[in-house]
Amino acid sequence: MNVFVLDLVLVLGLSLVLTVCVARSPYQAVLQHSRIRGRQQGPNVCAMQQIKGSDKKYFTNCKQWYHRKICSKPTVITYECCPGYERIPGEKGCPAALPLVNIYNTLSVVGASTTQMYSDRAKLRDEIEGPGSFTFFAPSNEAWAALPTEILDALVSNVNIELLNALHYHMVNRRLTSEELRHGSSFASMYQDFHVHIHHYSNGVVTVNCARLIKPDQHATNGIVHVVDRVITAISNNVQTLIDVDEDLETLRTAIAAAGLTAMLEEEGQYTIFAPTNEAFEKIPKETLNRILGDPVALRDLLNYHILNQMQCAESIVSGTPMETLQGTVLEVGCDGDQMTLNGNAIVTKKDQLGTNGVIHYINELLIPDSAKTLLELADGSSVATATRLFVEAGLRAHLTGSEALTMLAPLNDAFKGSVAMTPEMRKLMTNHLLKEQLSSKSLYHGQELETLGGAKLRVLVYRNNLCIENACIAAHDKTGRYASMFTVDKVLTPPMGTIMDVLKGDDRFSILVGAVQTAGMTELLNQQGALTFFAPTNDAFTALSRTELNRLMGNPQELAGVLRFHLGEGMLVSGGVGSHTRVHPLEGKKLELGVRNYTIYVNKVPVAEADLMATNGVVHGINSIIKPLSLKVDREQADGPAAALRSVTSARVRHGTRENLPHTLI
C-alpha cells in the first residue's frame, strides 16, 4: 500500500511538472533559455543578444544563440540582471530581488523615466502611486525620442487631455503578466475602453499594438510595468477602412472591390496585408496587369497572395520564416536589420499600420503568384531562359500566353550544349516539349502515356529516386499557372523515333552490333513491343577484342546470343533512374549492377559512353567495352582474356539449361 501511495505521489508530481512545462508561455521559455545561458555569470543573470550597431536587445532562443544573428545581422552577447533582480556591489551575479515600489517609482528603475516625467505633467502620478491594480505598457525613453516632433509637440501642448489620454491608452485596469498576454487577445484600455491588441509569438516576442515588450514583467506594489519600444496609438478602424482612406492604395482598393474581398477585410480577424501601393501596380506591364484585373480568378489569387491569415507585426520577425498566404502558397517573411523583407527582398516601405482586425505593411512591388501567371510568365527570370527563348523562336508564343491547358517541359539552361540555333528539327523538338493537358507531377504514374503538341507519345517512368518523362527527369517543383503548368527537367527531351533496332541501324557507331544481332537471330526481339534496356557495345567495344576472339564469337550464334542477352536488361532504365547500387536483371545471367561516379554511369564497372538513346520499345546506352559478369575472378579474366570470360556465360547456359545459373549483373 505504501509503495502504491508513493507511486501515485510520483505520478502526480510528474504530471504537475509536465503541466507547468506545457503551460509555460513562449516568452517564459525564451527567458528560461537566457537564464541558463547566463548562469555561469552568477545567479539571476540572463544572456541577451544585442544587434551590433544598434540598441536592440533580445532574450535569446536556441536558434539565435547558435546562429549569433538576428534579422541577418551579427549580435554580441551581453549579460544583464533577469527581470526583478539587481546587482549588489562585490557579489557575483544579481542576487538581490528588486524592492517592490509603486508603478510611478518603478518607471524610473526600468528605463522609462520619460514616461514617468510625462505622467507628472499629465497629472497621472497620483493615480499610478495610489491604490489599484494596473498594467502599464510604458514606452522606453528611446521610444519617446523616436516619436515625430509634431506628434510629441501636440501631446505635450495639451497635457491635461491629449497626453493624459495617450498615457491612459497604455494602461489596463488590472494586473496582466506576460503569461496572461496571450496571442490574439485584447484588453480594454483606460482610455474610453479602446482595446489594446496583444500578440505573443512562438519565438518569445510579445507585442502590444505591434510595439515589442522589451522589459516585460516589472512588478510593482499596485500593478505591473511592461516596457515597450514605441509609443502606441488608439485604433478604431478595420484594415479595409484604412485602405479606403489612403490615396496611395487607390489601385489596391479598386482591385479588392473587383475581387469581392471587401466584406472579408471588414470582418473580425487577424490578417496581415502586404499592401501594394499605386507605384507597385504601375511597375507591372500593362498587358499583364490588365489581363489579371480582367480575370476574377487570377485577381483573387493575386490579392490573397498578399494576405496572411495571422497577424504578423514587424517586431515579431527575427529571421526568415515561410508563412502561408490565403492563396495557399507561402511567402518568406523575414528581416534585414531594420528592414522587413518578403522573399528576401526589402520591398516594405511602411510597417505596422494597425487596424482592429489586422495589420498592413506597405510594399512597393506587386507579388504575382504562379497561379495568376501564363506559361511565359512562369518561365520568366528562372533557370530555363534558353528553353523559353527557343519556345518563342519556334513560333509557340501564343501557346505560352494563351488559356490552353498545357504542360511545358522546360529543360534547364545547362541541358543545352553550346549555342543553339532554330532549325526545322529544333522547332519540332520544342513543340514536343509541350504536353496537351495541364498536369501535376504528383498525378503521374509509371507507364502513363502523354501526348505532345507535336503529336509525339511520351512515356512516364517512375523510379525510386526520380520521376522522368522519357530521358528527361523532373529537376524542380512544379510551377502551376492560371491555365498551364511548367515542369523543369534536367535534359532536353529526345522522343523515341523507332525501335531499338531502328536506333542501332541509324547510328554508324553500332554497325558491328547490328550484324551481331542479326547473326544471333535477335532482330525480332529488338523490334517487338516491350520495355528493354540495351547496354549496346559500340564498334570500339568489338574491335577491342583480338581478331581471334572476335571471329570465334561471331562464328558461334548461340554463344553470341548469350553475350548480347547479357547486355539486355528487363524493363526500361534511363540514366536519371540510376542511383547507387541499382540492379537490372539481364535476359541472360543473374544481374547487372549500376552506379554513378563523377556524373558517369557505370555498368559492371564499364562506363556508359552515351546514355538515353530512346526507342519505342526501350532505351539504348552506348558502351565502349564488352560487359563481363562481376562474379568471375579477376585472375581468370587476366589469364584467359575477355572472350573466355564471355564464353563462361554461354557455357553455363549450355551446361545447365537454366538462366538462374547465369551471372546477371551488368555493373
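About the cut-offs
- Residues numbered from 1 in each chain as written.
- Predicted model: local features only at pLDDT ≥ 70, side-chain atom pairs only at ≥ 80, totals over all residues.
- Heavy atoms only, no water.
- UniProt positions renumbered as here; feature names shortened; annotations may be inferred.
- Core = buried A, V, L, I, M, F, W, Y, C linked by side-chain atoms within 4.5 Å.
- Buried < 20%, exposed > 50% of the residue type's maximum accessible area, 1.4 Å probe, protein only.
- Contact = heavy atoms within 4.5 Å.
- Pairing = 2+ DSSP bridges.
- Helix = DSSP H or I, 4+ residues; strand = E, 2+ residues; numbered from the N terminus.
- Domains from an automatic or database assignment.
- Buried area = accessible area lost by both parts, 1.4 Å probe.
- Salt bridge = Lys/Arg side-chain N within 4 Å of Asp/Glu carboxyl O.
- Polar contact = N/O pair within 3.5 Å; in protein donor to acceptor, adjacent residues only side chain to side chain.
- Nonpolar A, V, L, I, M, F, W, Y, C, P; charged D, E, K, R; others polar.

Under an unreviewed UniProt entry, the name given to the chain is Transforming growth factor-beta-induced protein ig-h3, and the organism recorded is Echeneis naucrates. The Subcellular location (unreviewed entry) field of the UniProt record for the chain holds the comment "Secreted, Extracellular space, Extracellular matrix". Note on the chain: under the UniProt heading Subunit (unreviewed entry), the record states "Binds to type I, II, and IV collagens."

Draft legend 1. Summary view of the nonpolar core. F137, L181, V196, V208, F274, V333 and L342 are the most contacted members of the largest nonpolar core, which has 49 residues in total. Residues within four places of F137 in sequence aside, it is in contact with H170, V172, L181, V196, I198, V208, L213, H226 and V228. One finds L504, F542, L560 and A615 within the second-largest nonpolar core, a separate group that totals 31 residues.

Draft legend 2. Summary view of the sheet that holds strand 21 (residues 407–411). In space, the four strands of this open sheet follow the order 22-21-28-27, with mixed pairing throughout. Pairing within the sheet leaves two strands with one partner each, and these edge strands are strand 22 (434–435) and strand 27 (479–480).

Draft legend 3. Representation of the domain arrangement of the chain in the model. Split by domain assignment, the chain resolves into domain 1 (26–96), domain 2 (99–228), domain 3 (239–365), domain 4 (373–489) and domain 5 (500–623). Here domain 2 packs against domain 3, burying approximately 900 Å² in sum over the two surfaces, 62% of which is carbon and sulfur. Broken down residue by residue, the surface that domain 2 buries against domain 3 is led by H199, Y201 and C210, which jointly contribute 52%. Run the count over domain 2 and domain 3 and you get one salt bridge. For the salt bridge of R212 with E315, the shortest nitrogen-to-oxygen distance reads 3.5 Å. Across the domain 2-domain 3 interface, the total number found is five residue pairs in polar contact (both at pLDDT 80 or more). Among the residues making up the side of domain 2 that touches domain 3, the classes are represented as three nonpolar, seven polar and one charged.

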